[in-house]
Amino acid sequence: MLKLITSTVLISAATLVIADHTFVLHNQCNYRVNPKIVNVNCGYSPRCDVPGSGGVPNPAVSYTGPQPRTLGVNGDNTNMTVNRDWNGRIFHQTGKCGAKGESCTMAEFNLDTGGPWSQQSYDISNIQGFTMGMKIEVNDGVGPAVTCSNIYCGCLNAYPPGTDFSGCGNDWPVKGTSGGDKIWTVTFCA
Ligand SMILES: *[C@@H]1O[C@H](CO)[C@@H](O)[C@H](O)[C@H]1NC(C)=O
């Protein structure tokens, strides 16, 4: 009995170590940043629903952990662990932004396609408003970094303000990377 418990504990510990993404949240602003990790369940993607449930949020794609701490100025950073199949956004909550980042610059992620052979995607969106420079990097040498420092950064780096999805043809701002768990870095004031 004791032996069984021991091996169960070992297996869960190993799973915790390997089964999630690391998000390094890095603040290059000369002001404090309040990062938020929010889910987009489910108005945006049917994948956010439990299949066949007619709208019940799928816990596999929802982040339910603690919110990041406030980041100090000029280089402070914190690491967050985010579940493998997460779909959602990261943004700096200023009070100007809605609860899910509406009206503000945001980094968007669809990581629920991250099986061993399928891509997972990410982009910077200023569609509802440009409020700060941002950069997204992924550590696997596959997905390109995207940086948008101002509203003229272009469709290869971010969705500009005021467009709908066709505003940048073929969803150019969206980048893909390989499947599996990654180390992502989101930089505020890039
Ligand atoms: C944050 O994660 C990165 C990437 O794994 C690592 O290099 C760094 O040491 C981590 N920082 C802390 C404070 O754990």
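What you are looking at is a predicted structure, and each value in this text was computed from that prediction instead of being measured.

S.K.: Requested: an account of the state of the cysteines, with residues and values cited.
M.R.: In a disulfide, the sulfur atoms of two cysteines are held together by a covalent bond. The tally for this structure, following the rule as stated, stands at four disulfides. One disulfide in the model links Cys29 with Cys189; its S-S distance is 2.1 Å. An S-S torsion of about 95 degrees defines the bridge between Cys29 and Cys189 as right-handed. One end of the pair, Cys29, is in the loop between β1 (20–27) and β2 (35–39); the other, Cys189, is in the segment after β10 (183–188), and 160 residues separate them in sequence. Its relative accessible area of 1% is what places Cys29 among the buried residues. What makes Cys189 partly exposed here is its relative accessible area of 21%. Each disulfide pairs two cysteine sulfurs, and for Cys155 the partner residue is Cys168, the sulfurs being separated by 2.0 Å. An S-S torsion of about -75 degrees defines the bridge between Cys155 and Cys168 as left-handed. Of this pair, Cys155 sits in the loop between β8 (146–148) and β9 (175–177) while Cys168 sits in the loop between β8 and β9, and the two are 13 residues apart along the sequence.

S.K.: How would you explain the pairing of β10 if you had to name every residue and give the values?
M.R.: For a regular strand, the rule is simple: side chains alternate between the two faces of the sheet. Extensive coverage of β10 is indicated by the burial of five of its six residues. Where β1 lies against β10, six bridges are found, and the strand directions are parallel. Within β10, the residue paired with Val24 across the bridge is Thr185. Strand direction decides the pairing type here: strand β7 (residues 134–138) and β10, joined by five bridges, are antiparallel.

S.K.: Which residues make up the site of the ligand, and what are the values?
M.R.: Within the structure, the ligand sits among Val24, Asn79 and Ile183. Interatomic distance of 2.3 Å between a side-chain N/O atom of Asn79 and an oxygen atom of the ligand. About the coverage of the ligand: the protein hides 32% of its 360 Å² of free accessible area.

S.K.: Can you tell me about the pattern of salt bridges, naming the residues and giving the values?
M.R.: Overall, the coordinates contain five salt bridges when judged by the stated rule. In this structure, Arg84 engages Asp181 in a salt bridge whose closest nitrogen and oxygen atoms are separated by 2.8 Å. Here the residue Arg84 occupies a position in the loop between β3 (77–83) and β4 (87–92), and Asp181 occupies one in the loop between β9 and β10, the gap between them amounting to 97 residues. Of the residues examined, Arg84 reaches a relative accessible area of 37% and is grouped as partly exposed. By relative accessible area, Asp181 is classed as partly exposed at 24%.

S.K.: Pulling in residues and values, what's your account of the packing of aromatic side chains?
M.R.: Centre-to-centre distance and the angle between the planes together describe a pair of aromatic rings. Taken as a whole and assessed by the stated rule, the structure comprises six aromatic pairs. Relative to Trp86, the ring of Phe23 lies with its centre 5.7 Å away and its plane at 85 degrees, an arrangement referred to as edge-to-face. You can see Phe23 sitting in strand β1 and its partner Trp86 sitting in the loop between β3 and β4, a full 63 residues away along the chain. With relative accessibility at 0%, the residue Trp86 sits in the buried group. With 5.2 Å between their ring centres and 70 degrees between their planes, Tyr122 and Trp184 make a pair best called edge-to-face. Here Tyr122, found in strand β6 (residues 120–125), pairs with Trp184, found in strand β10; they are 62 residues apart in sequence, far enough to count as distant. Each member of the pair Tyr122 and Trp184 is classed as buried.

S.K.: Describe the confidence of the model for the chain, and please don't skip the residues or the numbers.
M.R.: Put simply, the chain has an average pLDDT of 85, and 81% of its residues get 70 or more. Here residues 1–18 is modelled with pLDDT under 50, and outside its nearest four sequence neighbours on either side it reaches two contacts, counting other chains as well.

S.K.: Any chance you could break down the sheet that holds β8 for me, citing the residues and the numbers?
M.R.: Ordered in space as β3-β1-β10-β7-β8, the five strands form an open sheet in which the pairing is mixed. Edge strands, defined here as strands with exactly one partner in the open sheet, are β3 and β8. Averaged over all adjacent pairs, the angle separating strand axes in this sheet is 15 degrees, with direction ignored. Note: β1 against β3, seven bridges, orientation antiparallel.

Thresholds applied
Residues numbered from 1 in each chain as written. Predicted model: local features only at pLDDT ≥ 70, side-chain atom pairs only at ≥ 80, totals over all residues. Heavy atoms only, no water. Disulfide = S-S within 2.5 Å. Helix = DSSP H or I, 4+ residues; strand = E, 2+ residues; numbered from the N terminus. Buried < 20%, exposed > 50% of the residue type's maximum accessible area, 1.4 Å probe, protein only. Pairing = 2+ DSSP bridges. Near = heavy atom within 4 Å. Polar contact = N/O pair within 3.5 Å; in protein donor to acceptor, adjacent residues only side chain to side chain. Areas by Shrake-Rupley, 256 points an atom, 1.4 Å probe, with all protein chains shown as cover. Salt bridge = Lys/Arg side-chain N within 4 Å of Asp/Glu carboxyl O. Phe/Tyr/Trp six-rings, centres within 6.5 Å; stacked < 30°, edge-to-face > 60°. pLDDT = per-residue confidence, 0-100. Contact = heavy atoms within 4.5 Å. Axes fitted to C-alpha atoms, helices over the stretch in contact; angles between N-to-C directions.

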